[in-house]
Amino acid sequence: STSKKLFIFSLFSSILSFSSISCHNHHHHHPLDPLTPSEFSLIRNIVRHSYPDSNQNQNQNLTFQYVGLDEPDKPAILSWLSKSNHTSTKTPPRRAFVITRLHKQTHEIVVDLSTQSIVSDQVYHGHGYPLLTLEEQTAAIELALTYPPFIESVVNKRGLNISDVVCSSFSVGWFGEEKSSRILKILCFYIDGTVNLYVRPLEGITVVVNIDEMKITEYYDRFRVPVPKAEGTEYRASKQKPPFGPRLNGAAIVQTDGPGFKIDGHTIRWANWAFHLGFDSRAGPIISLASIYDLEKGAFRRVLYRGYVSELYVPYMDPTEEWYYKTFFDLGEFGFGLCAVSLKPLADCPANAVFMDGYYAGQDGKPAHIPNVFCIFEQYAGNVMWRHTETAIPGEVIREVRPEVSLVVRMVSTVGNYDYIIDWEFKPSGSVKVGVGLSGVLEVKGVSYTDTDQIKEDVHGTLLAENTVGVYHDHFLTYHLDLDVDGDANSFVKSNLEMKRVTDNSSPRKSYWTVVSETAKTESDARIQLGLKAAELLVVNPNKKTMVGNLVGYKLIPGSVAGPLLSEDDYPQIRGAFTKYNIWVTPYNKSEKWAGGLYADQSRGDDTLAIWSLRNREIDNKDIVLWYTMGFHHVPCQEDFPVMPTLSGGFELRPTNFFERNPVFKTKPPSRVHWPNCTTKT
């Protein structure tokens, strides 16, 4: 009915207005808030003024490769938090970490925003290059499209229309070269008849661009195979013709009392949770200071100091000349935040979602805006929080059920062809579920084959359609999880489940399992390849016990247990050595953020988590960081084509003797929403 639609619309408008009010009505910075547009402009001015020459000479242009918050030291944050009145407490100094390129050198600069000065400026002389900017990738692509030999290859050799060619930029990795320069490979695609460019590669053509010089340094047109056909690959809804897929009915989520959460700046409070949500051009979403209210203790208790995706390593499994180098480090080369996309209301996120914007510095240092980069919503998915039906009491049937409601923070990053849906889900039970969904378009190789019967050698993938092979590859997402379970002094405990035999006839049973716990003393004790033996993986606070004497803790319930299958001496695996173990535990170190190293582009594996951890530092009863790698081995199949239905993975951080008992034991079911002019049957 019209009144119902108006009611929903007014509710939706009130939610949207709530989000705009709550996200921007704050004058006091939280020390972990991401940099604001005005701060990006200020940083740009401070840095540019320190290099007066660079503004004149075009060839020596100063470029901003990364600008992010240089977060205050942890003790300073914890001290600030412990003071109840933040308005009168002096906020820790506000600083930015900036990576620039100037005169073909990489500079690491720390800018103090409170004093508007440069604290330090050092030239980086090590291996690897900084994050690629969107602008330099675009410039490299434009070079390729106007290059005469390329036009000759497209128009004369292949008979294609140059105006229907689009290109994309690819990082080149490192394969033992002594010397390296900042280069990208440009590969191109054909969009005549479809916007689904990645499934129509111009196989055989490679343009190599030196992005410091912005010149084409090499060009190859090695062979020709048919361009896969456009028919049936167009994915826009407006272009589809019947018959259509299965019909799905719509459903509305209505919250008559408005959202159940409050956003104050970047701090989100919901049910028994409070946490801070930041945006970073490299990491994307950063969850900080997550703590949960304990009813019995009457206080918030700390769980997660900081959590984010640290690296995403995607090696392809085709060793041929055109493909061997495709071993991507999506965060360190391309930036998860730089590639983040504006979410589509009512599709990416439900009607009750509230949106937040993200900002980053462009190559010129000016602020760039990604509207609706995050959505936050309460999820009513029809799940059950807890239940029990009791029929053993004569004459009674007891049925108690509590519906599940959780809070989800979502971002989507589209790194070229792949879309990654990143979720952080908070449950009233104290669990944090971290999810990733893989969708988008497969990276495919053009081939001459039209039927599997024609294939006699290894084509390193699956024939998905005529002339189209989906190449085998992996996705490894490495999460940085700085758990502070009820405080920052924590230990990592492996509770191994071990089979014991009954040998003395004391039981009719011949075996059982029991828990044998070991506390990791140093880093080497905590490296784990999952799936080899049964174990509970716990981060405990050795200084805090429950009333009955158990150590307070959280456990990691892993999702996928996939690990790398490349040889350890293979160059991509030297760079990606941090994936060798699914679990690493390190002592907290502010500088150890990026598992693949600060400079991932053409890195040589000398600044990875695997290298830091060789120091074998003490981790017992220390402030520790848990690193978890979730892997996917992807053997493409025809259902993944022409666009891939979402493949989901994830893991859970779950309270383990953290509370005295079930924290949602006394949770009341959500109030029932009464629709206007509707009756409910129960």
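Attention in this report is confined to the structure presented alongside it. Here the structure is a predicted model, which is why all the values come from computation and not from measurement. (Residues numbered from 1 in each chain as written. Predicted model: local features only at pLDDT ≥ 70, side-chain atom pairs only at ≥ 80, totals over all residues. Heavy atoms only, no water.)

### Notes on the pattern of salt bridges
Next up, step 1: Scanning all chains against the criterion turns up 39 salt bridges.
Next up, step 2: For Glu71, the salt bridge goes to Lys593, with nearest N and O atoms at 3.1 Å. You can see Glu71 sitting in the loop between β1 (63-69) and α3 (74-82) and its partner Lys593 sitting in the loop between β30 (583-587) and α8 (609-612), a full 522 residues away along the chain. When sorted by exposure, Glu71 lands in the same class as Lys593, which is buried. (Salt bridge = Lys/Arg side-chain N within 4 Å of Asp/Glu carboxyl O. Helix = DSSP H or I, 4+ residues; strand = E, 2+ residues; numbered from the N terminus. Buried < 20%, exposed > 50% of the residue type's maximum accessible area, 1.4 Å probe, protein only.)

### Description of the environment of Ile191
Next up, step 1: Inspection of the secondary structure puts Ile191 in the loop between β6 (183-190) and β7 (205-210).
Next up, step 2: When its relative accessible area of 26% is taken as the criterion, Ile191 is described as partly exposed.
Next up, step 3: For the pair Ile191 and Gln122, spaced 69 residues apart in the sequence, the C-alpha separation amounts to 45 Å.
Next up, step 4: With residues near it in sequence (within four places) discarded, Ile191 still touches Asp164, Val166, Leu197 and Arg200. (Contact = heavy atoms within 4.5 Å.)

### Quick notes on the state of the cysteines
Next up, step 1: Scanning the entire structure with this criterion turns up 2 disulfides.
Next up, step 2: Between the sulfur atoms of Cys349 and its disulfide mate Cys375 the distance is 2.2 Å. One quick way to see it: the torsion about the S-S bond of Cys349 and Cys375 is about -90°, and its sign makes the bridge left-handed. With Cys349 in the loop between α6 (330-334) and β15 (354-361) and Cys375 in strand β16 (residues 367-379), this residue pair connects regions lying 26 residues apart in the sequence.
Next up, step 3: Take the cysteines of the protein that form disulfides and number them in order along the sequence; they join up as 1-2, 3-4.
Next up, step 4: For Cys339, which is in no disulfide, the shortest distance to another cysteine sulfur is to Cys167 and amounts to 17 Å. (Disulfide = S-S within 2.5 Å.)

### Let's talk about α3
Note on helix geometry: an α-helix contains 3.6 residues per turn, so any two residues three or four positions apart are oriented the same way.
Next up, step 1: Lys74, Ile77, Leu78 and Trp80 are the residues of α3 that are buried. Angular distribution of buried residues about the axis of α3 spans 160°; they occupy a single face of the element. Exposed residues on α3 whose side chains face more than 90 degrees from its buried face are Pro75 and Ser82.
Next up, step 2: Residues of α3 that are buried sit in contact with β12 (284-294), β13 (299-315) and β25 (473-483). (Arc of directions from axis to C-beta.)

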